[in-house]
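Coordinate inspection notes
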Amino acid sequence: MENTENKLSQEEQEIDLLELAQKLWKRKKMFYKALGGAVIVGLIIAFSIPKEYSVTVTLAPESTRRTNSSLASMAAMMGFGNLASSSESDALNILLFPDILTSNPFALELYSMPVKPVDSDTVMALNEYISTVRRPWWSSVMGLPGKMVGGVVSLFKSQNETMKVDTLNPFKLTIAEAGKVGAIKKTMEANVDKKTGFTTITVTMQDPEVAATVADSVVAKLQDYVTAYRTKKAAGDCEYWEKLYKEKQKEYYEAQQKYANYVDENKSLFTQRSKIEGERLQNEMNLAYQIYNQMATQLQMAQGKLQEAKPVFAVVEPATVPLRPVAPRKMVILIGCMFLAFIGTAGWILFGEDIWRKIKNNSIN
């Protein structure tokens, strides 16, 4: 009995599917019209979106943890064991690269960098190029109300308010400057592989040469940013020891000169007083030399720590001018429009028309 009911339900389902397919097939002309319209709409959308080019640079940073074996052995010999101990892990992790790349200070460093588009004979600042990028026509239509409001507001501003100095104040950006900074940040993206530590930096622009130029500059500035951060303390220590080294060097040279002058002036004297005075000056010179020698050692170790603190980035994949755009993907847009048109038409034939008739009949009654 149960088997008979299962067979009947399966047959009913097959009959329902066949009826739906026949119903759709009878209205195939509607599908042709809908798909034809979808092709036209898809082509309009695809060709309205400006081309974009991407440049990807791959970096392989060295490990942030080091053991300064050479410095440790040197410090142990001189009695300065704490100075050259193994370095601790840095606070600046490679996982922060994406956040650094999308920060305002980093974008402001690129704000005025010179770029030269392919179709231009003049070099312009990046913020000027950002103002010339093309946008789809619907962006202009949607932004028209905002422009109208801005134009009306500008009419009520005094002449002194509308005049502004052509200088960038990072602390207080104008609406236009903030928009350009935001646009620059959107063009950059960084992804970090947590397992391998490889960092990929992608810059997307409408001009291939500008994209390659910005990508190369981003890598250089990111390296400078990380180097400055990680060598800040070591550079401060190096400056401190260099200052002490020069001071002790001066004191040693002065003590040496005093002793030499005394010896030259008292060559023929053999009194006990002259002997004691000579020994005192010689001891002062030797003490000054010992301190001077220690400062020289400290300075050498500080310079070694500064050199080892500098990060090294191996550029696995350098920036090159792309030959083909990555967007818009015209075929994907076209297929997507056709798919939506097919689904919409099928839904209208199967369900929409019946619902519309019921609504229409109810409104008439």
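Residues numbered from 1 in each chain as written. Predicted model: local features only at pLDDT ≥ 70, side-chain atom pairs only at ≥ 80, totals over all residues. Heavy atoms only, no water.

Secondary structure summary: the chain contains 14 helices and six strands in total. Counting only residues that meet the buried cut, the chain has 29% of its 365 residues in that class. Pairs at least 24 residues apart make up 79% of the contacts formed inside the chain by residues separated by at least 6 positions. Accessible surface, the chain: about 25,200 Å² in total, of which carbon and sulfur atoms supply 58%. (Helix = DSSP H or I, 4+ residues; strand = E, 2+ residues; numbered from the N terminus. Buried < 20%, exposed > 50% of the residue type's maximum accessible area, 1.4 Å probe, protein only. Contact = heavy atoms within 4.5 Å. Areas by Shrake-Rupley, 256 points an atom, 1.4 Å probe, with all protein chains shown as cover.)

Here the focus is the pattern of salt bridges. With the rule as written, the count across this model stands at nine salt bridges. Of the charged contacts, one joins lysine 23 and aspartate 354 as a salt bridge, the two residues approaching to 4.0 Å between their closest N and O atoms. Highlighted residues: lysine 23 in helix H1 (residues 2–26) and aspartate 354 in helix H14 (residues 330–364), separated in sequence by 331 residues. Glutamate 353 serves as the salt-bridge partner of arginine 357, at 4.0 Å between the closest nitrogen and oxygen. Remark: glutamate 353 and arginine 357 occur in helix H14; sequence separation between them is four residues, near one turn of the helix. For arginine 357, a relative accessible area of 44% corresponds to the partly exposed category. (Salt bridge = Lys/Arg side-chain N within 4 Å of Asp/Glu carboxyl O.)

Turning to the pairing of strand S5 (residues 199–205), a few remarks are in order. Counting buried positions along S5 yields five of seven residues, so the element is predominantly enclosed. Inspection of the sheet shows strand S4 (residues 188–192) paired to S5 by five bridges, in the antiparallel sense. Bridge assignment links methionine 188 to a residue of S5, and that residue is valine 203. Connecting the antiparallel pair S4 and S5 is a turn made up of six residues, with glycine 197 showing a positive phi of about 80°. (Pairing = 2+ DSSP bridges.)

To continue, consider helix H11 (residues 208–230). Taking 1.5 Å of rise per residue, the 23 residues of H11 would be expected to cover 33 Å, and the 33 Å separating its terminal C-alpha atoms lies within 8% of that figure. Listed in full, the buried residues belonging to H11 are Pro208, Val210, Ala211, Ala212, Val214, Ala215, Ser217, Val218, Val219, Leu222, Val226 and Arg230. For H11, the N-terminal capping position is held by aspartate 207, with its side-chain oxygen 3.1 Å away from the main-chain nitrogen of glutamate 209. (Expected span 1.5 Å × (residues − 1). Polar contact = N/O pair within 3.5 Å; in protein donor to acceptor, adjacent residues only side chain to side chain.)

Inspection of the secondary structure assignment puts serine 48 in helix H2 (residues 28–48). Of note is the side chain of serine 48, whose polar atom sits 2.5 Å from the backbone oxygen of isoleucine 44. Ignoring sequence-local partners within four residues, the contact set of serine 48 consists of Pro136, Trp137 and Trp138.

This part covers the packing of aromatic side chains. Scanning the model with the defined rule gives eight aromatic pairs in all. Look at phenylalanine 31 and phenylalanine 342: their rings are 5.1 Å apart centre to centre, the planes differ by 35°, and that puts the pair in the tilted class. Highlighted residues: phenylalanine 31 in helix H2 and phenylalanine 342 in helix H14, separated in sequence by 311 residues. The exposure class assigned to phenylalanine 342 is partly exposed, which follows from its relative accessible area of 40%. Their ring planes at 50° and their centres at 6.4 Å tell us that tyrosine 253 and tyrosine 292 sit as a pair that is tilted. With a gap of 39 residues between them, tyrosine 253 in helix H12 (residues 232–265) and tyrosine 292 in helix H13 (residues 272–309) connect regions that are remote in the sequence. Overall, tyrosine 292 belongs to the buried group, its relative accessible area being 13%. Taken together, the ring pairs in this structure connect Tyr245, Tyr252, Tyr253, Tyr289 and Tyr292 into an aromatic cluster. One residue, lysine 330, lies across the ring of phenylalanine 47, its end atom 5.1 Å from the ring centre. (Phe/Tyr/Trp six-rings, centres within 6.5 Å; stacked < 30°, edge-to-face > 60°. Lys NZ or Arg CZ within 6 Å of the ring centre and 35° of its normal.)

Let's shift gears to the confidence of the model for the chain. Mean pLDDT over the chain works out to 79, with 78% of the residues at or above the 70 mark. Summarising per-element confidence for the chain, the mean pLDDT is lowest in helix H9 (residues 159–162) (45) and highest in strand S2 (residues 114–115) (93). Here residues 64–91 is a poorly scored stretch, pLDDT under 50, and it has 42 contacts once near neighbours within four places are set aside; other chains count. Predicted confidence is poor over residues 158–165, with pLDDT under 50, and the contacts of this stretch with residues over four places away or in other chains come to one contact. (pLDDT = per-residue confidence, 0-100.)

Inspection of the secondary structure puts lysine 250 in helix H12. When the C-alpha positions of lysine 250 and alanine 288 are compared, they lie 9.4 Å apart, and in sequence the two are 38 residues distant.

So, on to the packing of H12 against H13. Interhelical geometry of H12 versus H13 gives an angle of 160° and a closest axis separation of 8 Å. Classified by the interaxial angle, the pair formed by H12 and H13 is roughly antiparallel. Regarding H12 and H13, the two cross each other, and that crossing is left-handed. In the contact of H12 with H13, the residues fall into 23 nonpolar, seven polar and ten charged. (Axes fitted to C-alpha atoms, helices over the stretch in contact; angles between N-to-C directions. Parallel < 35°, antiparallel > 145°, perpendicular 65-115°, else oblique. Left-handed = near helix turned anticlockwise from the far one by under 90°. Nonpolar A, V, L, I, M, F, W, Y, C, P; charged D, E, K, R; others polar.)

Once that is clear, we can look at unusual backbone geometry. Note the cis peptide between alanine 327 and proline 328, where omega equals 0°. Tracing the sequence through the fold places proline 328 in the loop between strand S6 (313–317) and H14.

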